[in-house]
Amino acid sequence: MPPIQIFNPEDYHGDNQNWMISQSSDKYIYVANNKGLLEFNGAEWQMYPSPNNTIIRAVRVIADRIYTGCYMDFGYWQKDIYGKLTYTSLKPMLNEKMIEDEQIWQILPHNEWVIFQSFNKIYFYNTQTESFKILRSNKLIFNVFEIKDNIYYHIQGEGIYKVEDGKPIMFLEETIVKNSRIINLYGTSNGLIFLTRESGFYKFENGVISKWHTEADDLVDDSSIYKGLKLSDGSFVLGTISNGVINLKPDGSINYHITQKNGLSNNTALSLFEDFDKNLWIGLDNGINCINVTSPIKVFYDFDGILGTVYCSEVFKENVYIGTNQGLFYRKINSKEPFQFIEGTAGQVWDLFNYNDETLFCGHHMGTFLVENNKVTLIDNDLGAWTFKTVPNRKNLLLKGNYKGLSILENTNDTWIYRNKINGFNNSSRFFEIDSSLNVWVGHEYKGVFKLQLNDSLTRVINQSMEPSLSIGKNSSITKYKNDILYAFEKGVYKYNKERETFECDSILSPIISEDNYTSGKLIVDEKDRLWAFSRDNIYFISNDHLTNLPKIDTISIPSNYRKMILGYENISLLNDDTYLLGTANGYLTIDISKIKKDETFKIYLDRVTLKDKNDSVFYYNSKENGVFDYNQGLLLFEYAVPSYNKYTDIKYQYILEGHLNKWSDWANEPKVQFENLSFGNYTFKVKAKIGNTETSNIEMYHFTIKRPWYLSNLALLLYFLLFILIGFVVHRAYKRHYHKKLKRKQLESDQLIMHIKNEQLNNDIESKNRELTISKMSIIKKNELLNAIKKELNDEEEKPSKNVKSVVKLIDKNLNNTKDWEFFVKAFNNTDKGFLDRLKLLHPDITPNDLRFCVYLRMNLSSKEMAPLLNISVKSVETKRYRLRKRMNLEHEESLVSYIMNI
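Predicted, not measured: the structure shown is a model, and the values here were computed from it.

The rules we used
- Residues numbered from 1 in each chain as written.
- Predicted model: local features only at pLDDT ≥ 70, side-chain atom pairs only at ≥ 80, totals over all residues.
- Heavy atoms only, no water.
- Helix = DSSP H or I, 4+ residues; strand = E, 2+ residues; numbered from the N terminus.
- Rg over C-alpha atoms; globule rule 2.2 N^0.38 Å.
- Buried < 20%, exposed > 50% of the residue type's maximum accessible area, 1.4 Å probe, protein only.
- Contact = heavy atoms within 4.5 Å.
- Areas by Shrake-Rupley, 256 points an atom, 1.4 Å probe, with all protein chains shown as cover.
- Lys, Arg positive; Asp, Glu negative; His and termini not counted.
- Charge placed at Lys NZ, Arg CZ, Asp CG, Glu CD.
- Pairing = 2+ DSSP bridges.
- Axes fitted to C-alpha atoms, helices over the stretch in contact; angles between N-to-C directions.
- Phe/Tyr/Trp six-rings, centres within 6.5 Å; stacked < 30°, edge-to-face > 60°.
- Core = buried A, V, L, I, M, F, W, Y, C linked by side-chain atoms within 4.5 Å.
- Parallel < 35°, antiparallel > 145°, perpendicular 65-115°, else oblique.
- Nonpolar A, V, L, I, M, F, W, Y, C, P; charged D, E, K, R; others polar.
- Left-handed = near helix turned anticlockwise from the far one by under 90°.
- 1 Å grid on protein atoms, 1.4 Å probe; cavity = no way out; pocket = protein on both sides within 12 Å on 5 of 7 lines; lining within 4 Å.
- Points joined across faces, edges and corners; volume = space filled by probe spheres on them.
- Disulfide = S-S within 2.5 Å.

### So, the overall build of the protein chain
(1) Moving on: The number of helices and strands found in the protein chain is 12 helices and 65 strands.
(2) Moving on: Relative to the globule expectation of 29 Å for 904 residues, the C-alpha radius of gyration of the protein chain, 60 Å, shows a markedly less compact shape.
(3) Moving on: Expressed as a percentage of the 904 residues in the protein chain, the buried residues total 50%.
(4) Moving on: Contacts spanning at least 24 positions in sequence make up 47% of the contacts within the protein chain whose residues lie at least 6 apart.
(5) Moving on: Accessible area of the protein chain: about 45,700 Å², with a carbon and sulfur share of 49%.
(6) Moving on: Distance between charge centres in the protein chain, computed from 110 positive and 111 negative side chains, equals 14 Å.

If you want it as structure tokens, here you go:
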């Protein structure tokens, strides 16, 4: 049966029942569901609640509108500029009210009209004039049909009416029509075919109704038909209440019957729809299924677990044999009967080997069996017969690989028997090949590749070596293709070079087993000399290009997670012509490679552009216009899809955000991407898809701008500029003032230094003057002391001094009273203490010269004893002089004369 995609209510967030299905020109699917209108873009479902939160019974896409009918309302949906559907009710345009509990059950297009059918009315809506015409019935209207541009409708108990010139005219009123419920009408070249709920098909030709007997009569009689659909290939699909879906060929024979037991989600089919790609959509009582009717792949699911995992298959003498982990099964070619178990084969079957279309060998865990129809004969009980190979130039011999090495089977007198084990090699030999020189190549995924040289009698190994140029590879294999020995593992495909006696990488075949796409190195050569290989994303088959004589590689895009084959145990065999059987973990697939579409094109749609802010509010944007977003506003989400509904087609997406990443992302299945914390600037988002190995014909683009943050806006930048100028001005003034103060400080320091130097010079001068004054004072004192001493000496020597002595004494007195010494002293004193004498005279104008002299000595802080010689008087006289000076200066008794003099 064809592949089935299953969508359960939790997938589309809807209710169980799905009443009608339709499709838009962009291939989006729309479903009338109990909860509302479902939209499916091939990647994700979107639910739109009905206008009054009731069940939507009918949906039909006409032009750019999605018309729906529900409880007490009908209208249409259209996409707004943001990609969301918005609803417009047509009910306000009616000139009359809908009756209580009225529901719309069918919608049909007819030229410029849209027809809405309820239980007792048919509304004709003119899309050009936006006006209505209404046909009414007192009885229940079962259904309305359009056949060859004519409108028919069926009324319970009356018959089928035809609408002509806007009026109903009775068309058929035979008993079968009155008493049955007509599910659908189909036009033929000679008349009509109508399908009834309980009694199957009838033909109306040449004015006569007759029963159309088909192969499915018994099946139809046992089923209650709820929906009927004629597909574009002329076949009929019947949706039943409790018996699933029945597909009849145009001649009425059964093509397939799908129920819940063999793949359908539910046995009650409420709606049927054929899409643009000829897929059959079924709205069920619990879920939505999509059947890929025209797919080159057909599926057999072992729901009951009878077959188990299929490890091998072979067509032999009108039978198809299946070897599984549960035994050997068979059935006739093209038969729809279930496979039959062959007694005696319970357990693991590893291989089926067709020897010249004469004998079928079964490699089994228990040994080797010969198969004849539904019987088997055990000819070898060595455990684990992996596979069999013919021995070059010895037609009566077969080389068998098993768990513990190799052995020989021999045909003697038209009977195959076990001949001998090949001694000298005891490793498991699941993959092996033999060449014309009797070299046996054994691939062991945990030990490597062995090269065994056998003796002529094929009884023992005479030479054994490991192939040094090859490494151990998980799920690796070795096979012979066009007389070349090939070894395939995760590093690629290597071919044995006989001249160099080594394995070398095959540059043509290696790309099909790339390291990043590797799952298994299993290689299989079929009856048409095609070489098959398996990767994570694809199945490859290699044939010879007769023009170039080079290998031609064809690709079948079925990812490993869809085909569900056992890794390392992949198997494929030719059924007929170009149809192959692939064993899987729970049944098998068949592929007709002649029907694989190589020129199919796909288109990707940028479905929605949304922004989710920090408060989790979602805002929609027009994906056809350039967007403008505030800085750091939230999460920017792009949703995209390719509306392709092939079960075995893997859709991957790749995007680039120019201005941010500037390189394409890795291919991924996720149909959305979000960005956050984008810096301000201009961006271009681009997205494309790859369906299998075919890239979409278009690349969707969206240009948008992230605005500058407020602190980097033009106004802010202007303010920053002005602030910068202001700060510069202030800093300049501050620096200028700083340097001015610094300059003044340096000037002050310079001035202080100069003053300090001058002060030092002045102090030096003062010290010099003080030294002069001291020297002067001391010289005067010494001189006066000397003169007084001489004078005393002279006076003491003679009582009556002589004239000469008197003259000397007179001279001494003259020198003692010499004013020149005083003048010199005053001059030196003034240099030391400038202004003192002037200030003293100013304070005491009547002071005498002797008093001035006495004051100078007091200013010099001389004691009375020091002053006596200078004044040429006694010490006592000095004290008397002090007393008189105090009185003359009017000093208080307690005031010190010296202190007063020092403070002037």
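From this point, the discussion proceeds with the structure in view.
### With respect to the environment of Pro-109
(1) Moving on: Its place among the elements puts Pro-109 in strand S10 (residues 106-110).
(2) Moving on: Sequence separation of Pro-109 and His-660 is 551 residues, and the distance between their C-alpha atoms is 48 Å.
(3) Moving on: With residues up to four places along the chain from it excluded, the contact list for Pro-109 reads Arg-60, Ile-62 and Glu-146.

### Here's the deal with the sheet that holds strand S6 (residues 56-62)
(1) Moving on: As summarised here, the arrangement of the 4 strands in space is S6-S7-S8-S9, forming an open sheet in which the pairing is antiparallel. This sheet does not close on itself; its edge strands, each paired only once, are S6 and strand S9 (85-89). Pairs of neighbouring strands in the sheet enclose a mean axial angle of 25°, with direction left out of account.
(2) Moving on: For strand S7 (residues 65-70) and strand S8 (residues 73-79), the ladder comprises 5 bridges, and the chain directions are antiparallel. Residue pairing across strands places Gly-69 opposite Phe-74, the latter belonging to S8.

### Observations concerning helix H10 (residues 864-871)
One turn of an α-helix holds 3.6 residues; hence residues three or four places apart share an orientation.
(1) Moving on: Where burial is concerned, most of H10 is hidden: 6 out of the 8 residues are buried.
(2) Moving on: Those residues of H10 not exposed but buried are Ser-864, Met-867, Ala-868, Pro-869, Leu-870 and Leu-871.

### Notes on the sheet that holds strand S4 (residues 36-40)
(1) Moving on: Taken together, the 4 strands give an open sheet; going across it, the order is S2-S3-S4-S5, and neighbouring strands pair in antiparallel fashion. If you trace the sheet from one side to the other, it starts and ends with strand S2 (18-23) and strand S5 (45-49), each paired once. In this sheet, neighbouring strand axes are inclined to one another by 20° on average, regardless of whether the strands run parallel or antiparallel.
(2) Moving on: Two strands pair when backbone bridges link them, and S2 and strand S3 (residues 29-33) are joined in this way by 5 bridges, in the antiparallel orientation. Following the sheet pairing, Asn-18 is matched in S3 by Asn-33.

### Describing the packing of aromatic side chains
(1) Moving on: As enumerated under the stated definition, the model contains 70 aromatic pairs in all.
(2) Moving on: Seen from their ring centres, Trp-105 and Phe-119 are 5.4 Å apart, and the 35° between their planes marks the pair as tilted. A residue pair is termed long-range when its members are at least 10 positions apart, and Trp-105 in the loop between S9 and S10 and Phe-119 in the loop between strand S11 (113-117) and strand S12 (121-126) qualify at 14 residues.
(3) Moving on: Judged by centre distance (4.6 Å) and plane angle (45°), the ring pair of Trp-350 and Trp-386 falls under tilted. With Trp-350 in strand S34 (residues 349-355) and Trp-386 in strand S38 (residues 385-391), the pair connects residues that are 36 residues apart, well separated along the chain.
(4) Moving on: Assessed through its relative accessible area of 16%, Trp-350 is described here as buried.

### Focus: the nonpolar core
(1) Moving on: Of all hydrophobic cores here, the largest spans 33 residues; its most connected members are Leu-37, Tyr-67, Phe-74 and Phe-116.
(2) Moving on: Elements that contribute at least two residues to this core include exactly S2, S3, S6, S7, S8, S11 and S12.
(3) Moving on: With 5 residues, the single largest contributor to this core is S6.
(4) Moving on: Beyond its immediate sequence surroundings of up to four residues, Phe-116 is in contact with Tyr-67, Thr-68, Phe-74, Gly-75, Leu-90, Ile-104, Gln-106, Ile-107, Lys-121, Ile-122, Tyr-123 and Tyr-125.
(5) Moving on: In terms of nonpolar packing, the next biggest core, distinct from the first, is built from 27 residues, Val-642, Tyr-655, Ala-689 and Tyr-702 among them.

### Digging into the packing of helix H9 (residues 849-859) against helix H11 (residues 875-888)
How two helices pack is summed up by the angle between their axes together with the distance between the axes.
(1) Moving on: H11 packs onto H9 with a crossing angle of 105° between their chain directions and a minimal axis gap of 11 Å. Viewed along their axes, H9 and H11 adopt a mutual orientation that is roughly perpendicular. Facing Asn-850, Asp-851, Phe-854, Cys-855 and Leu-858 of H9, the residues of H11 in contact are Val-878, Lys-881, Arg-882, Leu-885 and Arg-888.
(2) Moving on: Class assignment for the residues of the contact of H9 with H11 results in 5 nonpolar, 1 polar and 4 charged.

### Some words on the packing of H9 against H10
(1) Moving on: H10 packs onto H9 with a crossing angle of 145° between their chain directions and a minimal axis gap of 11 Å. The crossing of H9 and H10 is right-handed. Two secondary-structure elements touch here, H9 through Arg-853, Phe-854, Tyr-857 and Leu-858 and H10 through Met-867, Leu-870 and Leu-871.
(2) Moving on: Broken down by class, the residue content of the contact of H9 with H10 amounts to 6 nonpolar, no polar and 1 charged.

### Considerations on the pairing of S9
(1) Moving on: Of the strand pairs in this sheet, S8 and S9 are connected by 5 bridges, and their pairing is antiparallel. In the sheet register, Gln-78 faces S9, and the bridge partner there is Thr-86.
(2) Moving on: Where S8 hands over to S9, the hairpin turn is made up of 5 residues, of which Gly-83 adopts a positive phi near 85°.

### Examining empty space enclosed by the protein
(1) Moving on: The tally for this structure, following the rule as stated, stands at 2 cavities of 30 Å³ or more.
(2) Moving on: Reported here for the largest cavity is a volume of approximately 100 Å³.
(3) Moving on: Among the residues making up the lining of the largest cavity, the classes are represented as 6 nonpolar, 4 polar and 2 charged.

### A few points about the state of the cysteines
(1) Moving on: Counting across every chain of the model gives 0 disulfides.
(2) Moving on: With no disulfide of its own, Cys-312 has Cys-362 as its nearest cysteine by sulfur position, at a separation of 6.5 Å.
(3) Moving on: Note on Cys-312: relative accessible area 5%, which makes it buried.

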